[in-house]
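Survey of secondary and tertiary structure
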Amino acid sequence: MKALDTWERVLLALIVAVYVGFGAGIDGFLSPYAVADSTYNVSEKALIALAMALLVVAGEIDLSIAATMALASLAMGFAMKAGAPLPVMLAVAAVTGAACGALNGWLVTRWKLPSIVVTIGTLSLYRGLAQVVLGDQAITGYPETLSTWGNGSVGDVIGVPWLIVPIEFVVLLVAALAVGLFLHRTVHGRRLYAIGANPVASRFSGIAVDRYRFGLFVFAGLMAALAAVLLTGRIGSTRPNLAMGWELDAVTIVILGGVAIEGGRGSIVGTVLAAVLLGSFTFALGMLNVSGIVMSMIVGALLIGAMVLPRGVRHLRTRFA
Amino acid sequence: MTKSSSPLRREWLLVGIIVLLALAVGARAPVFLTWRNALDIGNDSAILAILVMGQMLVLLTRGVDLSVASNLALTGMLCALAAKAWPALPLPVLVMLACAIGAGLGFVNGWLIMRFQLPAIVVTLGTMSAYRGAIFVASGGAWVNDHQVHPAIKGLPRDTLLGLPMLIWCAAAVVVLALVLLRWRREGRELYALGGNPSAALYAGIPVPRRLVMAYTLCGALAGLAGLLWVGRYSIAFTELAAGYELTVIAACVIGGVSIGGGVGTVSGAVLGVLFIGVINGALPVIQVSPFWQQAIAGAVILVSVVLNARADRHRGRQILERPAAAMQGASA
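Note that this is a predicted model, so its numbers are computed, not measured. (Residues numbered from 1 in each chain as written. Chains lettered and ligands numbered in written order. Predicted model: local features only at pLDDT ≥ 70, side-chain atom pairs only at ≥ 80, totals over all residues. Heavy atoms only, no water.)

Topic: the overall build of chain B
This is how it is decided: Every helix listed is a DSSP run of H or I at least four residues long, and every strand listed is a run of E at least two residues long, numbered separately from the N terminus. Two things to know: the radius of gyration comes from C-alpha atoms, and the globule rule equals 2.2 Å times the number of residues to the power 0.38. The buried label applies to any residue whose accessible area, calculated with a 1.4 Å probe on protein chains only, is under 20% of its type's maximum; exposed applies above 50%, and partly exposed to all values in between. This count recognises Lys and Arg as positive and Asp and Glu as negative, with His and chain-terminal groups excluded. Working definition for charges: the position is that of NZ of Lys, CZ of Arg, CG of Asp or CD of Glu.
Regarding its fold elements, chain B presents 14 helices and 2 strands. Over its C-alpha atoms chain B spans a radius of gyration of 20 Å, differing by no more than 12% from the 20 Å that the globule rule assigns to 333 residues. Once the C-alpha set of chain B is aligned to its principal axes, its extents read approximately 70 × 55 × 35 Å. Each of the 333 residues in chain B was classed as buried or not, and the buried ones make up 53%. Both charge centroids of chain B, one from 23 positive and one from 12 negative side chains, sit 7 Å from each other.

Looking at the side chain of A:Asp62
Residues and elements named next belong to chain A. Counted only if it meets this: Basic side-chain nitrogens of Lys or Arg form a salt bridge, by our definition, when they fall within 4 Å of a carboxyl oxygen of Asp or Glu. Contacts described as polar in this section are N or O atom pairs within 3.5 Å, which, within protein, must combine one atom able to donate a hydrogen with one able to accept it, while residues neighboring in sequence count only if both atoms come from side chains. Only heavy atoms enter the contact rule, under which two residues are in contact if any of them lie within 4.5 Å.
Among the structural elements, aspartate 62 can be located in the loop between helix H2 (32-57) and helix H3 (65-81). The buried charged residue aspartate 62 lacks any salt bridge, with arginine 127 as its nearest oppositely charged partner at 11 Å. A polar side-chain atom of aspartate 62 sits 2.7 Å from a polar atom in the side chain of serine 64. Among the polar contacts listed, one links the side chain of aspartate 62 to the backbone nitrogen of isoleucine 65, at a separation of 3.5 Å. Apart from residues no more than four positions distant in its own chain, aspartate 62 is found in contact with Met52, Leu55, Asn104, Thr119, Phe217 and Ala220.

Digging into the interface of chain A and chain B
Where interface size is quoted, it is often the accessible area lost as the parts come together. Our working definition: Buried area, as used here, totals the accessible surface that two parts lose on assembly, with accessibility defined by a 1.4 Å probe and the loss added over both. Polarity classes work like this: nonpolar for Ala, Val, Leu, Ile, Met, Phe, Trp, Tyr, Cys and Pro, charged for Asp, Glu, Lys and Arg, and polar for all others, with Gly in that last group.
At the interface, 41 residues of chain A touch 39 residues of chain B. With both sides pooled, the region where chain A packs onto chain B buries about 3400 Å², and carbon together with sulfur makes up 84% of that total. Considering each element in turn, the side of chain A that touches chain B owes the most residues, 14 residues, to helix H5 (residues 115-134) of chain A. Tallied by class, the residues present in the side of chain A that touches chain B amount to 25 nonpolar, 10 polar and 6 charged.

Comments concerning unusual backbone geometry
With phi around 60 degrees, A:Ala243 is a residue other than glycine that occupies positive phi space. Note on placement: A:Ala243 falls in the loop between strand S2 (237-238) and helix H12 (246-256). For A:Ala243, a relative accessible area of 7% corresponds to the buried category. Positive phi is not limited to glycine here, since B:Gln117 has a value of about 55 degrees. For B:Gln117, the position within the fold is in the loop between helix H4 (91-115) and helix H5 (120-139).

Details of the domain arrangement of chain A
Residue and element names in this part refer to chain A. Counted only if it meets this: For the domains described, the bounds stem from an automatic or database domain assignment.
As assigned here, chain A comprises domain 1 (41-269) and domain 2 (292-320). Each of domain 1 and domain 2 was reduced to a C-alpha centroid, and the two centroids are 27 Å apart. Domain 1 puts 4 residues into the contact, and the matching count from domain 2 is 6 residues. Roughly 400 Å² of surface becomes buried between domain 1 and domain 2 when both sides are summed, with 80% attributable to carbon and sulfur atoms. In terms of surface lost to domain 2, no three residues of domain 1 exceed Thr252, Ile255 and Leu256, which account for 83% of the buried area on that side.

Considerations on the packing of aromatic side chains
Geometry of an aromatic ring pair is reported as the spacing of the ring centres plus the angle between the planes. Basically, it comes down to this: Aromatic rings from Phe, Tyr and Trp, taking only the six-membered ring of Trp, are treated as a pair when their centres fall within 6.5 Å; an angle between ring planes under 30 degrees marks them as stacked, one over 60 as edge-to-face, and anything in between as tilted.
Summed over all chains, the structure comprises 9 aromatic pairs over all chains. Ring centres 6.0 Å apart and planes at 65 degrees place the aromatic pair A:Phe22 and A:Phe281 in the edge-to-face group. Linking A:Phe22 in helix H1 (residues 6-25) with A:Phe281 in helix H13 (residues 268-287), this pair joins segments that are 259 residues apart in sequence. Side by side, A:Phe22 and A:Phe281 carry an identical accessibility label, which is buried. Ring geometry for B:Trp230 versus B:Tyr245: centroids 5.1 Å apart, planes at 80 degrees, classification edge-to-face. Taken together, the residues span a long stretch of sequence, with B:Trp230 in helix H10 (residues 208-234) and B:Tyr245 in helix H11 (residues 245-255) at a distance of 15 residues. Looking at B:Trp230, the relative accessible area reads 12%, which means it is buried. We classify B:Tyr245 as buried; its relative accessible area is 17%.

Quick notes on a nonpolar patch on the surface
All names here are of chain B. Applicable threshold: Patch membership requires over 30% relative accessible area and the absence of a salt bridge. Like charges are linked within 9 Å, and nonpolar side chains (Val, Leu, Ile, Met, Phe, Trp, Tyr) within 5 Å. Using a 1.4 Å probe, the Shrake-Rupley method yields the accessible areas, and only the shown protein chains count as cover for residues.
Taken together, Val176, Leu179, Val180 and Trp184 make up a surface patch of nonpolar side chains, about 380 Å² in accessible area. Relative to the helices and strands, tryptophan 184 resides in helix H7 (residues 166-184). With relative accessibility at 61%, the residue tryptophan 184 sits in the exposed group.

Observations concerning the UniProt feature "transmembrane region" (unreviewed entry) in chain A
Going by this rule: UniProt positions are given in the numbering used here, feature names are shortened, and annotations may be inferred rather than shown by experiment.
On the UniProt side, "transmembrane region" (unreviewed entry) is annotated at positions that read residues 12-35, 47-74, 86-107, 162-183, 212-231, 243-261, 268-287 and 293-313 of chain A here. In residues 268-287 of chain A, helix accounts for 100% and strand for 0%; the two terminal C-alpha atoms are 28 Å from one another.

Description of the nonpolar core
Rule in force here: Residues enter a nonpolar core if they are buried and are Ala, Val, Leu, Ile, Met, Phe, Trp, Tyr or Cys, with the set joined through side-chain atoms within 4.5 Å.
A:Leu50, A:Met69, A:Met89, B:Ile50, B:Val52 and B:Met53 are the most contacted members of the largest nonpolar core, which has 215 residues in total. Taken domain by domain, the makeup of this core includes at least three residues from each of domain 1 (41-269) and domain 2 (292-320) of chain A. Ignoring sequence-local partners within four residues, the contact set of B:Val52 consists of B:Val249, B:Ala252, B:Cys253, B:Ala270 and B:Val274.

So, in structure tokens, the structure goes:
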């Protein structure tokens, strides 16, 4: 695995630039607590971005992933209200996420539909269902354990107070390692690249293309459930607008990470670096009191810049070579 | 991909469903079948229809414009601010301003996509949030309220001509222009060819880059016009205006049979898709379904219509193996 390909190096340099640049400009930005805090900004989004990266590498996309989070959180809340213990609540969230993903996968593989249309439809459907069930209410009163997972640090849990790494971030690192090994070190990962590059040729070379696609959508649903559990624990409530618009953030992270939207190219290292870059950048802007909507404008411009830049460079290189 | 008989059948099917739906709702609540209510639905659908015509041009080229709602809101805000700052601006100037700003924003999309060979979905995803943020920057986060919106802007959608509101006339004019462009103008026919097979279109001498930019620019201009009408109709401009509306626009196109894969779609189908959404949205409150259902129903309708579409496509492909009678049955089912 070329872990530090050109683009990954650029991302790494940008992350360093963000920390050094804003660290010099903002008091306390480089304090360990602020750095630990900045990871909250990114961990849950990065979890769904990991699943999105696999999908995009295989030439698919899932725009319903954030709406799936809302449904998974909702199901968990209902399980809690019904008096279920924590493990059952988690299982209910996971099953809901997997079911949402399975519906996407079934529609895409069984009916040969483009995943962007299907998931625009299921985005409305899932988000709408969450609104129908919740109305303008919220579910609160989650157990303490969930809040610890969402807000606590590893140090608190194992009794080492100075270890302030947030649990969410550790979950992300473990997930990234697992997904990274899967994509870059197993034959299944190689097949995802093949499917993304040319699904027809992959089919003829004996890859069960539809089975992989279906599996990826289910996996995306499961990751959405995991992210939903962490987010619900962190904010301590389920609301119908939970994770609203996050599908776009996830796509932005994936593209910024160097995954080609047409499929067949990209790496998990790049995706994680892009998530960290975006998270630290928006955290810094937040410390500068930049409003959320301006942040999203900058992120949008970044997304376009991230795509134009490499092509512009390639263009210049061919012109002057 | 162009087919001679099946789009027609599909459109009649849609007409049938819409009529049945209206009659069924009318049976439960007769108020639904009044002229007044028809006008309401027409008014509600007019802005959507304008946006759908633009989006359709882009979809035909195998692209997609996710930034239409942000473009609408940004243009609406800029026009409202301009009219607030210079109250002397006459309405035609404001309309031209709206179209020009919208076209400029659309051109940026088209140029980025064409010049750097970028996928449309990602570019317009980026401009979607960029334009949305620009509204906040332009207005400083403030709202332009009812009493601050220029009377000319407020009056535009409300004025009536021959008993119909101007809003409906605007939509009708845009639909007719789209019809002329796509049916009789060379530029419009070239969009179909380009979407059906981009490389073949290039070899056939179609100026592909110019047509691409044209489609996005026109889509943007229509989004700008819709922005002015939107601000006038609801007499308010704010940052979150029409947020998420791009999905409704794409949904109307998909329901109306405009393929996301490019090259397939008719103006009449797209208009029927708009009417379908308009009738459903108008019917929900009448039959006392909570508005929370609206989004879930829209999602379900999109899914059902794309699945039906895929089924129709498959039957067409298999016709050689099936008896003509069986194939006919399958396609009309």
